[in-house]
Amino acid sequence: MATAEFNAETRNLIDGQLVPASNGGHFDNINPATEEVIGVAADGTKEDMENAIAAARRAFDETDWSTDHSFRKHCLEQLNRALSEAREDLRHIVIAEAGSPILITYQVQVDSYIDAMPYWSNLATSYTYESPMSDIEFMGKPQGRLIRREPMGVVGAITPWNFPLYLNLAKIGPALAAGNTLVLKPAPDTPWSATHLGRLVVEHTDIPAGVLNIVASSDHGIGAMLSRDPRVDVVTFTGSTATGRAVMEAAAPTVKKTFLELGGKSATIILDDIDIDAAAPMSGIAVCTHAGQGCAIQTRTLLPRNRYEEGIEKIAATMSTINYGDPLDPANLMGPLVSKKQQERVLGYIEKGKQDGARVVLGGGVPTHLKKGYFIEPTLLADVDPDSVVAQEEIFGPVLCVIPYEDEADAIRIANNSIYGLSGAIWSGSVERALSVARKIRTGTLSINGAQWFDVDTPFGGYGQSGVGRENGVAGFEEYLETKIVAIPR
Ligand code: NAD
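What counts and what doesn't
Residues numbered from 1 in each chain as written. Predicted model: local features only at pLDDT ≥ 70, side-chain atom pairs only at ≥ 80, totals over all residues. Heavy atoms only, no water. Domains from an automatic or database assignment. Contact = heavy atoms within 4.5 Å. Buried area = accessible area lost by both parts, 1.4 Å probe. Salt bridge = Lys/Arg side-chain N within 4 Å of Asp/Glu carboxyl O. Polar contact = N/O pair within 3.5 Å; in protein donor to acceptor, adjacent residues only side chain to side chain. Helix = DSSP H or I, 4+ residues; strand = E, 2+ residues; numbered from the N terminus. Buried < 20%, exposed > 50% of the residue type's maximum accessible area, 1.4 Å probe, protein only. Near = heavy atom within 4 Å. Areas by Shrake-Rupley, 256 points an atom, 1.4 Å probe, with all protein chains shown as cover. Nonpolar A, V, L, I, M, F, W, Y, C, P; charged D, E, K, R; others polar. Phe/Tyr/Trp six-rings, centres within 6.5 Å; stacked < 30°, edge-to-face > 60°. Lys NZ or Arg CZ within 6 Å of the ring centre and 35° of its normal. Arc of directions from axis to C-beta. Pairing = 2+ DSSP bridges. Axes fitted to C-alpha atoms, helices over the stretch in contact; angles between N-to-C directions. Left-handed = near helix turned anticlockwise from the far one by under 90°.

Attention now goes to the domain arrangement of the chain. How big an interface is tends to be stated in terms of accessible area lost as the parts join. Domain assignment breaks the chain into domain 1 (3–262 + 467–489) and domain 2 (266–455). The distance between the C-alpha centroids of domain 1 and domain 2 comes to 31 Å. Residue-level contacts link 28 residues of domain 1 with 29 residues of domain 2. Between domain 1 and domain 2, roughly 2,200 Å² of surface is buried when both sides are summed, and carbon and sulfur atoms account for 66% of that area. At the boundary of domain 1 with domain 2, the tally comes to zero salt bridges. Here domain 1 and domain 2 share five residue pairs in polar contact (both at pLDDT 80 or more) between them. Element by element, the count of residues in the side of domain 1 that touches domain 2 is highest for helix α5 (residues 102–109), at five residues.

Turning next to the pattern of salt bridges. According to the stated counting rule, one finds 30 salt bridges in the structure shown. Across the pair Asp-383 and Arg-359 runs a salt bridge whose closest N-O atoms are separated by 3.0 Å. Remark: Arg-359 occurs in strand β14 (residues 359–362) and Asp-383 occurs in the loop between β15 (379–382) and α15 (389–392); sequence separation between them is 24 residues. Judged by its relative accessible area of 35%, Asp-383 is partly exposed. In the salt-bridge network here, residues are joined through shared partners; they are Arg-87, Glu-88, Arg-91, Asp-111 and Asp-115.

Every one of the 27 residues lining the ligand counts as a neighbour, but Thr-159, His-220, Ser-240, Leu-262 and Glu-394 are closest to it. Relative to its free-state accessible area of 850 Å², the ligand is covered by the protein chains to the extent of 89%. Mapped by element, the contributors of at least two residues to the shell around the ligand are α10 (220–228), β10 (234–238) and α11 (241–251). Among the elements that take part in the shell around the ligand, α10 stands out by supplying three residues, more than any other. Partitioning the shell around the ligand into residue classes produces 15 nonpolar, nine polar and three charged. Composition of the shell around the ligand by domain shows at least three residues from each of domain 1 (3–262 + 467–489) and domain 2 (266–455).

Scanning the entire structure with this criterion turns up 11 aromatic pairs. Residues Tyr-119 and Trp-120 carry aromatic rings whose centres are separated by 4.9 Å and whose planes lie at 75° to one another, so their mutual orientation is edge-to-face. The rings of Tyr-113, Tyr-166, Trp-453, Phe-454 and Phe-460 are connected pair by pair, giving a single aromatic cluster. Over the aromatic face of Phe-259 sits the side chain of Lys-171, whose NZ or CZ is 5.7 Å from the ring centroid.

By the burial criterion, the buried members of α11 are Thr-241, Gly-244, Val-247 and Ala-251. Burial along α11 is one-sided: seen end-on, the buried residues are contained in an arc of 110°. Facing away from the buried side of α11, by more than 90 degrees, are the exposed residues Ala-242 and Glu-249.

Here the focus is the sheet that holds strand β12 (residues 266–270). Pairing between the strands of a sheet comes from backbone hydrogen bonds, and it takes one of two forms, parallel or antiparallel. Pairing is mixed across the open sheet formed by seven strands, whose spatial order is β14-β15-β16-β13-β12-β17-β18. Edge strands, defined here as strands with exactly one partner in the open sheet, are β14 and β18 (447–448). In the sheet, β15 pairs with strand β16 (residues 399–405) via three bridges, with the strands oriented parallel. Note on β16: the bridge partner recorded for Leu-381 is Cys-401.

Quick look at the packing of helix α2 (residues 46–62) against α10 now. The N-to-C vectors of α2 and α10 enclose an angle of 30°; their axes lie 10 Å apart at closest approach. Crossing hand, α2 versus α10: right-handed. Here Lys-46, Met-49, Glu-50 and Ile-53 of α2 come into contact with α10, specifically with Ile-222, Met-225 and Leu-226. Within the contact of α2 with α10, the residues separate by chemical class into five nonpolar, no polar and two charged.

Right, here's the structure in full:
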């Protein structure tokens, strides 16, 4: 397969120009379902990142991008139209480079977030950036106060490969709508989901040079430059908790804000009053979606001790019928892992689980019927010790850990026994009872009986080491704004 088949842009966007790497270098883009090189991307250098940061700084300091709300709205509406028109190219890019099943590209992976982008262009003008506060008294005289929200400046955005287009847009949309300029550094596994946006910006929008810069690179150190550089005011990062810590550390000397969306180890609690036939299979389906490569996917299922074996049977029965393989086949819920490295990492976790006493009920290896691609079988581990490595660390594969609990309090304790706190699910015959449990779980999002929370206006983020800050919603927009108070004499 050649790049042309995807119509993908392979150059970086720096200061309004689509450019090859400063040293002419490029790196391979590999389709994880076929293991074939599908093309290349410009391999951004230190000089490229240096130029991108300088351009973003200039565009923030020297143009009226940060103050002209209507112009920003106009530019973002142009981008929204371009995204809509390029939807099929983007869909095939995401499928080819992330191995995403086409089924989920019709949801958050591609369509639902492209369709949601007007939320950000509208906020550019509808948000109240300045409003009076009530007067206070000082030395016997009334004092007026104005509260202003202003863009933070230059945003450094670093994104992962699992939902690449969505996560790139979830940073570009609010950061630009709020009046910032931005440098995006995507994951090396999924460069085109970022670089292709550069072409749309150049060909279809009036976004001024330097406002949006995109620097793909095979070198993680190029992303680290954003954390360290004093000209960057805020780093918005989505990725693993380990890298999040490194970003925070590198940002500390310049005391810049770090806005972090990190890993998860979310639990499904199946309470003892629910029809287990209806509830248990859902956790098997969830963990296989996009081969488990989603930070908010529930990867631990807690079953009541008295229905434990029955629940395991139901989950295994469902997981054994899940279709997986070619991401282009609409019947498949699950494609490959994104890379050989991730496949090996997941296999390593399965081995570790077995060593620590987990029982492999289903799967546990590489499927023999798929000759190419970084696939892993849907895998069900039972009798998992809640303190063991597989119950505590993010596996990021189609691997579900089942843990028995004694009573409701025990279930809550096990669910909260994690450094993470991103998401979770509760199944109960009583929504009231599920709600009372939900109030005790320390995570950023929760679903009761399969209800869906995701939307562009839903603030999303984590407790504990799942992150700092909230993406999406007005709360997500405000992450990109400073607060200024001006006192006015009366
Ligand atoms: P990763 O942390 O390895 O890499 C993420 C990005 O950081 C990549 O662009 C990478 O090049 C860059 N990077 C690596 N080292 C860096 C450094 N020292 N400084 C700056 N940038 C650096 O994550 P990944 O493997 O690409 O993605 C999977 C992880 O992302 C999982 O842990 C998953 O839970 C998490 N994730 C979180 C969310 C969320 O919203 N909470 C969403 C999706 C994925």
